[in-house]
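# Inside the fold
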Amino acid sequence: MATVSLDPSTATEVLRPGSEQEAIAAFGDGKDVLVVGGGTIVMPELTYRRLQPTRALLLKDAGLAGVTRDGSRVTIGATTPIEELVGLPAPIGPCAANIADVEIRSQATVAGNLCAGEGYEAPRGDLQGAFLAVGATVRSAGEGGIREEPLEDFLSKRRERLALSISYDEPSAGAFAGLDRPHTHDFTALAVSGARSADGTIRLAATGVGGWGVRLPSAEAEVAEIHPRVIDWGHVPRSAGDDPDGTAALQDVTLHDDAIASAWYRAKVLPVLVRRVLTEMKESA
Amino acid sequence: MKVVGARIPRYDGVAHVTGRTTYVDDVRVPGTLWVKALRSPHHHAGITKLDTSKAEAMDGVHAVITWQDVPLLVYGHLSALGIPADEPLLAKDDARYMGQPIALVAAENEDLAAEAVSRIDVEFEERPALTDVRQAFDAGAPEAHHEGNWYKHFEDEMDRRQIRKGDIEWAFDNADTIVQGVYRPAAIEHCPVETQVCQVVPEPSGRLTIYSCTQALYFSMGVVAAHLQVPLNKLKVVGGTTGGGFGGKNDTATETVCSLLAMKSGRPVKWRWTREEEFLCSSTRAPWHMEIADAVTKDGWILGRKMLTLHDAGAYSRFSPYGVTKHSFHHTGAYTIPNLQFDGYVVYTNRVPTTSMRGFGVTSISFAVETHMSRVADVLGIDPYEIRLKNANRIGDTSPNGIVYTDPSTVSTIQVIAESTGHELPAEYRTMTNEPREGEWRPEHLVAQVGNPEEH
Amino acid sequence: MNLTVNGTRHEIESPLLTPLLDVLREELGITGAKAGCHQGGCGACTVLIDGEPRRSCLMPVGYADGGEITTVEGLGTPDDLSRIQQAFIHHYAAQCGYCTSGMLLAGQAYIDRGGTGDEEAIQTALGGHVCRCTGYSKIVEAVAAAARGDSFDVTETAVGKHTTMATGGAE
């Protein structure tokens, strides 16, 4: 019968570490090894022959999954299925729920999503925005050993590192606003995540704005100006004129055309999503 | 009637729900080779070199075919309807759409087949591509097709499907206003859950057994026999089980080349398109460009219609002239318009050839006609239900191509819609029937063109 | 590695990175799960792994090591149809049938998790499954009927008793 299996003589060496230490050792410096989390991003690349690795790391049995709490600090293991995040508060919960469907979310891993490449002009890695907004740090292994660093620093090097866990302090409020078509399997064209930490600082981040998820410092600065951190939200008299219109966010991104949406369209929508996120967080004050 | 209205269980219902339905991809024949295609990466290019020797030399590759292996390279699938052949089974001198198949490989497994394709030595000379039907008629437009940019073989070698009825000049001279509209439905992917797939087994008897997902078994059989130049009794086509087609599995897209590979290798072969091939290279419902101008009176009579249709056939004719012909017959929709000027062109572009899809040619015109009726109603300030009822087909009216309506259902359908949406109709519209026109529903401008059934 | 499919244990020879879908179809000849896209986009490949619905085209077979796989063939046979299979027949929830395997397994898993006849919940549970033929409504009705525990008379369809061509059509 016809077979689709790989020619055994060039088959990839598959490693199945059974613990974090084994995974780190197998990953080494990350060169020449393909990391497989759930497989939802990587398997089609193998099937369509766009990836032909010499070594592959199957991570799911390395004990890297699970959500733990230490006070308000949440730590999520790298291979935790995305479905386990769905009930968490915004922005993370709604962001996770917006990804694909329940079957894919149950197979896909949090770190796999964070480490997604840019993928044929289609944005992936929706969770990057939500975790940037909550000020997450990533513990990873690779060249130079294990280290923990802010997610924004990790993202630029994500393809060279083995993510082990993601940690963040639970925000006091959060919101997620995504633009996508009403179909389970469309890629999110654009999404904004926001979170307000205990001291009142607002963090905003976006995905679908080219490359990978980014913070929106100009939009954050605009909010901070109008609503200084030290003031308790509940006591600040607000009128429509006080609200930022979200256009400052356009300074923080280089928008692009792709099959999902044009740069022009994204430029129209980004400020709207910023406003929605800010409004939703205000209303939960 | 014995079947309509009967409650009969699906004959394949039990098989579907137990996973026992055998689709083409489920057929298991030991020794089957996997097929992969070399496809044009360019929208439009001359093929200046094609050397398959390195692919053929690979261990595990059992056959490679190009245009040279095809006994009858160019065969018109609808030549019986007068549509001449224009499309080579495999590209010879040039590639006219991105994805056009140039060569195929049959190998021991999918990976080997793909590797062999990458070792085919092919060189191109890119040419300008035509992708917008509106530019097809410009001097200096890229030449998408060897016969020029539009089909020229309607009856009497006309270069368009043309319908003329009544006196269009009179209609436009006597109109109170002209209402224009442009309608451009986009291409649509059939996207069945089962992609194109075919399995061919060469039998010791010399026959070929072809497991096909075609929607048109006898039609495909004829196409294969013609390309292979073999009598029909050499082919045993096993079909009737399709994982969705919707008009996209009429093109006989896989059966002939798989037959050639099976014959050349002496082994069973299977070609299953990937979902990416399905999206990028399979034929679609055509995009259309339609322009309508209606000559209307202020009380809502449509005196005449001028229409121009540009149908995007893609790189080759396939069934497009037939689709445009059907389209032309329906360009007044469910309504009677006595004076008509219709011109429909089959335009070639350097895009994937388009094909049938549910309501081929008619779905597009229905969209345009209905939208336009609402536009006319809007311009005149007339209720959109009433304007439709006023101009509705009645017994004795004729279609654009002269068919006499003996029992048209426009009136009753619109009345039912009005009722179910809670739209109040004035009494004379509520009680209207499809009986031959009389009185106020038979104005002068309709008298000459429409008559009673006995007159025809 | 090994896996158990519909109660039968198999030793697997395919490389560990081979998609489970291809191991089932090509190595084991179990063809109920379909290859609609090999990208996880259509749901035709869904099987149950230890009772949970998963895309077999996205799963390296190594991840299924030791697992219990249920394919559509394992839900029931023509002589012993499960409730959800009967529901699909009764409600005409299959046309071409290509998406049916995935829909049935996702539907069964939904019911096994306590799913009810709530149409929105069914749509969410089956949200990863594409059907190009039916327009989905009869599939949702069939899953709802099975979730409610409806029983089905095999001489009837959802709209009435069977008639045959011999006995005539419209009553």
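All values reported here derive from a predicted model rather than from experimental measurement.

Our next topic: the pattern of salt bridges. Here the structure, examined in full by the defined rule, presents 48 salt bridges over all chains. Here Arg266 of chain A makes a salt bridge to Asp258 of chain A, at a shortest N to O gap of 3.2 Å. For Arg272 of chain B, the salt bridge is made with Asp25 of chain B, and the minimal N-O distance between the two is 2.8 Å. Note that Arg272 of chain B is positioned in strand S12 (residues 269–272) and Asp25 of chain B in the loop between helix H1 (13–17) and strand S1 (33–39), a separation of 247 residues in sequence.

The next subject is the interface of chain C and chain B. Contact residues are listed per partner, giving 44 residues for chain C and 38 residues for chain B. Counting across the chain C and chain B interface gives 4 salt bridges. In this structure, Arg25 of chain C and Asp25 of chain B form a salt bridge, with 2.9 Å as the shortest nitrogen-oxygen distance. Inspection of the chain C/chain B interface yields 17 residue pairs in polar contact (both at pLDDT 80 or more). For the side of chain C that touches chain B, the secondary structure elements donating two or more residues are helix H1 (20–27), helix H2 (83–90), helix H3 (100–112) and strand S7 (160–161) of chain C. A breakdown of the residues in the side of chain C that touches chain B according to their chemical character gives 19 nonpolar, 18 polar and 7 charged.

Met290, Ile387 and Leu389 of chain B are the most contacted members of the largest nonpolar core, which has 60 residues in total. Of all the elements in the fold, those that place two or more residues in this core are helix H4 (168–173), strand S8 (177–183), strand S13 (288–296), strand S14 (302–314), strand S15 (339–348), helix H9 (362–380), helix H10 (384–390) and helix H11 (410–420) of chain B. Looking at this core, the element that brings in the most residues is H9 of chain B, giving 7 residues. Core analysis: the next-biggest nonpolar cluster, separate from the first, contains 42 residues, Leu58 of chain A together with Val5, Leu20 and Val47 of chain C among them.

We now examine the packing of aromatic side chains. Residues and elements named next belong to chain B. Within the structure shown, the criterion is met by 11 aromatic pairs over all chains. Between the aromatic rings of Tyr151 and Phe154, the centroid separation amounts to 5.1 Å while the plane-to-plane angle is 85 degrees, which identifies the pairing as edge-to-face. For the pair shown, Tyr151 and Phe154 are each scored as buried. Judged by centre distance (5.5 Å) and plane angle (55 degrees), the rings of Trp271 and Trp273 are tilted.

As a measure of interface size, the accessible area lost when the parts come together is often cited. Residues and elements named next belong to chain A. Domain annotation for chain A reports domain 1 (2–58) and domain 2 (67–283). For the domain 1 and domain 2 pair, buried surface summed over both sides reaches about 1,200 Å², with 64% attributable to carbon and sulfur atoms. Among the residues of domain 1 in contact with domain 2, Phe27, Thr40 and Ile41 are the three that bury the most area, contributing 38% of the side total. The partner of Glu20 in a salt bridge is Arg139, with the nearest N and O atoms 2.8 Å apart. Between the two partners, domain 1 and domain 2, sit 2 residue pairs in polar contact (both at pLDDT 80 or more). With 4 residues, the single largest contributor to the side of domain 1 that touches domain 2 is helix H1 (residues 20–27).

A separate point is the sheet that holds strand S2 (residues 45–51) of chain B. All names here are of chain B. Sheet architecture is open: 3 strands sit in the order S4-S2-S6, paired in antiparallel fashion. Strands at the two margins of the open sheet, each flanked by one partner only, are strand S4 (94–95) and strand S6 (121–126). The pairing of S2 with S6 spans 6 bridges and is classified as antiparallel. Bridging across to S6, Ile47 finds its partner in Phe124.

If you look at the interface, chain C gives 30 residues, while chain A gives 29 residues. With both sides pooled, the region where chain C packs onto chain A buries about 2,600 Å², and carbon together with sulfur makes up 61% of that total. On the chain C side of the interface with chain A, the three residues burying the most area are Leu17, Leu58 and Tyr63 of chain C, jointly 31% of the side's total. Across the chain C-chain A interface, the total number found is 3 salt bridges. Note that Asp65 of chain C is salt-bridged to Arg16 of chain A, the shortest N-O span being 2.9 Å.

Turning our eyes to something else, we now look at helix H8 (residues 320–329) of chain B. All names here are of chain B. Within H8, 7 of the 10 residues are buried, leaving the element largely enclosed by the surrounding structure. Looking at H8, one finds that the buried residues are Ser320, Pro321, Gly323, Val324, Thr325, His327 and Ser328. On its buried face, H8 sits against strand S7 (161–165), S13, S14, S15 and H9.

Before going further, it helps to spend a moment on empty space enclosed by the protein. On inspection of all chains with the given rule, the structure shows 9 cavities of 30 Å³ or more. Put simply, the largest cavity is a space of about 420 Å³. Contributing to the lining of the largest cavity are 30 residues, with His77, Glu87, Asp251, Thr252 and Arg318 of chain B lying nearest its centre. Taken together, the residues that form the lining of the largest cavity break down as 15 nonpolar, 10 polar and 5 charged. What the second largest cavity holds in volume is close to 110 Å³. Lining the second largest cavity are 13 residues, and of these Arg272, Trp273, Thr274 and Arg275 of chain B together with His38 of chain C lie nearest its centre. Of the residues assigned to the lining of the second largest cavity, the class counts are 5 nonpolar, 5 polar and 3 charged.

Calculation criteria
Residues numbered from 1 in each chain as written. Chains lettered and ligands numbered in written order. Predicted model: local features only at pLDDT ≥ 70, side-chain atom pairs only at ≥ 80, totals over all residues. Heavy atoms only, no water. Salt bridge = Lys/Arg side-chain N within 4 Å of Asp/Glu carboxyl O. Helix = DSSP H or I, 4+ residues; strand = E, 2+ residues; numbered from the N terminus. Contact = heavy atoms within 4.5 Å. Polar contact = N/O pair within 3.5 Å; in protein donor to acceptor, adjacent residues only side chain to side chain. Nonpolar A, V, L, I, M, F, W, Y, C, P; charged D, E, K, R; others polar. Core = buried A, V, L, I, M, F, W, Y, C linked by side-chain atoms within 4.5 Å. Buried < 20%, exposed > 50% of the residue type's maximum accessible area, 1.4 Å probe, protein only. Phe/Tyr/Trp six-rings, centres within 6.5 Å; stacked < 30°, edge-to-face > 60°. Domains from an automatic or database assignment. Buried area = accessible area lost by both parts, 1.4 Å probe. Pairing = 2+ DSSP bridges. 1 Å grid on protein atoms, 1.4 Å probe; cavity = no way out; pocket = protein on both sides within 12 Å on 5 of 7 lines; lining within 4 Å. Points joined across faces, edges and corners; volume = space filled by probe spheres on them.

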